[in-house]
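Given next are the chains, with one letter for each unit.
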Amino acid sequence: MTDNWDEDTTQTELPDLVKADRSIPRSACITVLTGTATGRMFTLARGLTVVGRAPTAQIRLVDDGVSRQHAQIRNDGELIWVTDLESRNGTYVNGTKITSETVLNDGDKLQVGRAIVLRFAYHDDLDQSFHENLVSSALRDPLTKLFNKRYFLDRLDSELKFARRHDTPLTLLMLDFDHFKAINDEHGHLAGDAVLTKLSDVISKAVRNEDVVARFGGEELAVILRATTLEAASLLADRLRRLVEMTVVDHQGTSLRATVSVGMAGYPTTTAETVDQLIEAADQALYRAKDGGRNRVSR
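In what follows, the accompanying structure is described.

Rules of the game
Residues numbered from 1 in each chain as written. Predicted model: local features only at pLDDT ≥ 70, side-chain atom pairs only at ≥ 80, totals over all residues. Heavy atoms only, no water. 1 Å grid on protein atoms, 1.4 Å probe; cavity = no way out; pocket = protein on both sides within 12 Å on 5 of 7 lines; lining within 4 Å. Points joined across faces, edges and corners; volume = space filled by probe spheres on them. Helix = DSSP H or I, 4+ residues; strand = E, 2+ residues; numbered from the N terminus. Nonpolar A, V, L, I, M, F, W, Y, C, P; charged D, E, K, R; others polar. Pairing = 2+ DSSP bridges.

Our next topic: the layout of surface pockets. Approximately 260 Å³ is the volume found for the second largest pocket. Lining the second largest pocket we find 12 residues, and of these Gly 35, Thr 38, Leu 139, Tyr 151 and Asp 154 sit closest to its centre. Within the residue set of the lining of the second largest pocket, elements represented by two or more residues are helix H1 (125–139) and helix H2 (149–166). For the lining of the second largest pocket, the element with the most residues is H2, which contributes four residues. Tallied by class, the residues present in the lining of the second largest pocket amount to four nonpolar, five polar and three charged.

Dropping the structure here:
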């Protein structure tokens, strides 16, 4: 195949090659159908996009079955091509293992590794907006826009299994805003919602893109810090505590403040074989922070 098509070439002569309708601006997209990044949509820019487990991969998929640099997708402006990068578990298009650069057609299923399935499709702006809203409603807390508890538990399970297999560190932070009921009682639940929303935003912006911040329940948040030791995480936890303490939330002309207590637990320092055990350890540390006077970090 060549990158430049003859002007006389027609679609009927190339039945297997599906290109975007140029009458409507559409983008080539990859959507994750299974795995820890389920629901995420990636727009394929012109040029090369690497799919893999490495932090440098443009489409990063944290899964044992995915190689660090697993596959490469090439957008030449006309067609989208995929190549396996000599991965351990192979790359499949619609169930067939590929051995050379292969064109992707609209709607194709792309499997990388043992369990991650992606879908390739062309989307216009309306398609992408609908998808983002759908994913948001399924994975995000409607008030804070943080990840919800269901996503958090699934992701923590995957991250803990990965850490145990590869003997890499993993830290979990459990955060609980101090005396939050007093804010609701004195200023009303709308004021409490405003404080929770603002402080959740402050915390989510202070961590790395690969970290997971979720609303665990009520005024309690959880943060998953992958490949992070307890020692390194303690510095971040105290930074988060100070940021919360310094933040002023304006609600209908009233300035509101809150503090946060943080409990930490991490693998391998904490002997945890299950998600429940790791959460219980972080919760116990959180109780110690509360009992110790609140507005502090404990482990």
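Next comes the rest of the account.
In this section: the sheet that holds strand E8 (residues 96–97). A sheet is described by the order of its strands in space; here six strands give the open sequence E2-E1-E11-E10-E7-E8, paired in antiparallel fashion. Strands with a single pairing partner mark the edges of an open sheet, and in this sheet they are strand E2 (41–43) and E8. Bridge count for strand E7 (residues 91–93) against strand E10 (residues 109–112) is three bridges, and the pairing is antiparallel. Bridge assignment links Thr 91 to a residue of E10, and that residue is Val 112.

Nothing here speaks to function; it is geometry throughout.
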